[in-house]
Amino acid sequence: MVCDPISRVRRFNRAVTSEVGALDSSFLGRGRPLGAARVLNSIGRGQSDVAAIRDYLGLDSGLMSRLLRSLEEEGFIETVPNAEDARRRVVRLTENGRSEFQAYEALSNAQAEAFLARHRRPEELLCAMDMIASSLKRDQIVIEEKDPRHEDARYCLSEYYGELARRFEKGFDVSLSRDPDATDMIRPRGAFLVAMSDGLPIGCVGMKGDGGEVAEVKRLWVAPSARGLGLATCLMTAAETIARELSVKLLRLDTNSALSEAQQLYRGSGWVEIGRFNDDPYPDTFFEKRL
């Protein structure tokens, strides 16, 4: 069949392979293939444990060793035993390696800018790319506890507020909402969790507490590009785990009937609908869950 799903996926794979230079012997004209450049990039971005880099890039031990050896021979990296575990190796950039990393960064940024400039609807293109990346990196999504004032948390909250403004019939103004203080979502009172995909925030949830046995779940949000992957359930499960660690016995939350998918999630995961427990003007449905 001409345009069947498999053919479309394979067309996409061929296009990406060609566009990123996966088959070039000199990636971005720097004299080495893409594999070596990716290893150098990982080290430059702060990864140092050899085994962790190998797992992140999906390389077998033999290929990883060859790539590291080639970078060492070029004088870009040095490998030393892990100070805490001599069986593990740690790798770091030399001064020349840092210069090469910066050269790749500049070229990669320019390549990305040129790619987006060729499309008349770059934002739609980015949304499609985000969805693909989230799907492909599904198994590497991690949930991290962060200060709700951290830039990753603030990004998620800003996107969340923007979505509510679009979906609520009368819009959304956070200044009118019972927006919790940041300190109420930091241990030992509560917590704020951010889902990260390859360094980018794609979801969040907060738990607002006062040190007692009752706390509220707030600000559950998943980026549109990451929906359908079960991430909201993972975030809620992680929030409940922390609640138990903080000796919380009862969780509550409020939501709006415009967020039907959220209500479906709550009802399907043990939450029970209750009466109104606050005077926030936006929610119209209320739930609780005993832990």
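Here's what I pulled together on the structure shown here.

Thresholds applied
- Residues numbered from 1 in each chain as written.
- Predicted model: local features only at pLDDT ≥ 70, side-chain atom pairs only at ≥ 80, totals over all residues.
- Heavy atoms only, no water.
- Pairing = 2+ DSSP bridges.
- Helix = DSSP H or I, 4+ residues; strand = E, 2+ residues; numbered from the N terminus.
- Axes fitted to C-alpha atoms, helices over the stretch in contact; angles between N-to-C directions.
- Phe/Tyr/Trp six-rings, centres within 6.5 Å; stacked < 30°, edge-to-face > 60°.
- Buried < 20%, exposed > 50% of the residue type's maximum accessible area, 1.4 Å probe, protein only.
- Core = buried A, V, L, I, M, F, W, Y, C linked by side-chain atoms within 4.5 Å.
- Contact = heavy atoms within 4.5 Å.
- Salt bridge = Lys/Arg side-chain N within 4 Å of Asp/Glu carboxyl O.
- Polar contact = N/O pair within 3.5 Å; in protein donor to acceptor, adjacent residues only side chain to side chain.

**Looking at the sheet that holds strand S8 (residues 272-274)**
Phase 1 of the analysis: Here seven strands make up an open sheet; going across it, the order is S3-S4-S5-S6-S7-S9-S8 and the pairing mixed. Each edge of the open sheet is held by one strand with a lone partner, namely strand S3 (142-145) and S8. Geometrically, the sheet is characterised by an average inter-axis angle of 30 degrees between neighbouring strands, direction not taken into account.
Phase 2 of the analysis: Bridging between strand S6 (residues 214-222) and strand S7 (residues 250-255) involves three bridges; their strand directions are parallel. Among the inter-strand pairings, Val214 is bridged to a residue of S7, identified as Leu250.

**Looking at the packing of aromatic side chains**
Each aromatic ring pair is characterised by the separation of its centres together with the angle its planes make.
Phase 1 of the analysis: For the coordinates displayed, the defined rule picks out nine aromatic pairs.
Phase 2 of the analysis: On the numbers, 6.0 Å between centres and 25 degrees between planes, the contact of Phe27 with Tyr104 is stacked. You can see Phe27 sitting in the loop between helix H1 (5-20) and helix H2 (34-44) and its partner Tyr104 sitting in helix H5 (residues 95-117), a full 77 residues away along the chain.
Phase 3 of the analysis: Under the relative-accessibility criterion, Phe27 is labelled buried at 9%.
Phase 4 of the analysis: Ring geometry for Phe172 versus Tyr282: centroids 4.7 Å apart, planes at 50 degrees, classification tilted.

**Here we look at the nonpolar core**
Phase 1 of the analysis: Core analysis: the biggest nonpolar cluster contains 45 residues, and Val205, Leu231, Leu235, Met236, Leu251, Tyr266 and Trp271 have the highest contact counts within it.
Phase 2 of the analysis: Contributions of two or more residues to this core are made by helix H7 (151-167), strand S4 (191-197), strand S5 (200-209), S6, helix H8 (231-245), S7 and helix H9 (260-267).
Phase 3 of the analysis: Aside from chain neighbours lying at most four places away, what touches Leu235 is Ile143, Leu193, Ala195, Gly203, Cys204, Val205, Leu220, Trp221 and Val222.
Phase 4 of the analysis: If you look at the next biggest cluster of nonpolar residues, it comprises 22 residues, including Phe27, Val50, Leu57 and Phe101.

**Considerations on the pattern of salt bridges**
Phase 1 of the analysis: Tallied over the entire structure, the rule returns 26 salt bridges.
Phase 2 of the analysis: Across the pair Glu145 and Arg187 runs a salt bridge whose closest N-O atoms are separated by 2.8 Å. Note that Glu145 is positioned in strand S3 and Arg187 in the loop between H7 and S4, a separation of 42 residues in sequence.
Phase 3 of the analysis: Residue class for Arg187 comes out partly exposed when judged on its relative accessible area of 36%.
Phase 4 of the analysis: Across the salt bridge formed by Glu240 and Lys289, the nearest N and O atoms sit 3.0 Å from each other. Within this pair, whereas Glu240 is found in helix H8, its partner Lys289 is found in strand S9 (residues 285-290), the two being separated by 49 residues in sequence. Each member of the pair, Glu240 together with Lys289, is buried.
Phase 5 of the analysis: Here the residues in one salt-bridge network are Arg30, Arg32, Glu74 and Glu100, joined through shared partners.

**Here's the deal with the side chain of Asp49**
Phase 1 of the analysis: If you trace the backbone, Asp49 turns up in the loop between H2 and helix H3 (50-57).
Phase 2 of the analysis: Within the local environment of Asp49, its side chain forms a polar contact with the backbone nitrogen of Ala52, the two atoms lying 2.9 Å apart.
Phase 3 of the analysis: Residues within four places of Asp49 in sequence aside, it is in contact with Asn82, Arg88 and Arg89.

**Looking at unusual backbone geometry**
Where the residue is not glycine, phi is negative for most of them; where a peptide bond is considered, it is trans in most cases.
Phase 1 of the analysis: With omega at 5 degrees, the peptide bond leading from Arg187 into Pro188 counts as cis.
Phase 2 of the analysis: With respect to the secondary-structure elements, Pro188 resides in the loop between H7 and S4.
Phase 3 of the analysis: Even without being glycine, Leu28 reaches a positive phi, approximately 55 degrees.
Phase 4 of the analysis: Structurally, Leu28 can be placed in the loop between H1 and H2.
Phase 5 of the analysis: We classify Leu28 as partly exposed; its relative accessible area is 23%.
Phase 6 of the analysis: One non-glycine residue with positive phi stands out, namely Ser247, at about 65 degrees.
Phase 7 of the analysis: Tracing the sequence through the fold places Ser247 in the loop between H8 and S7.

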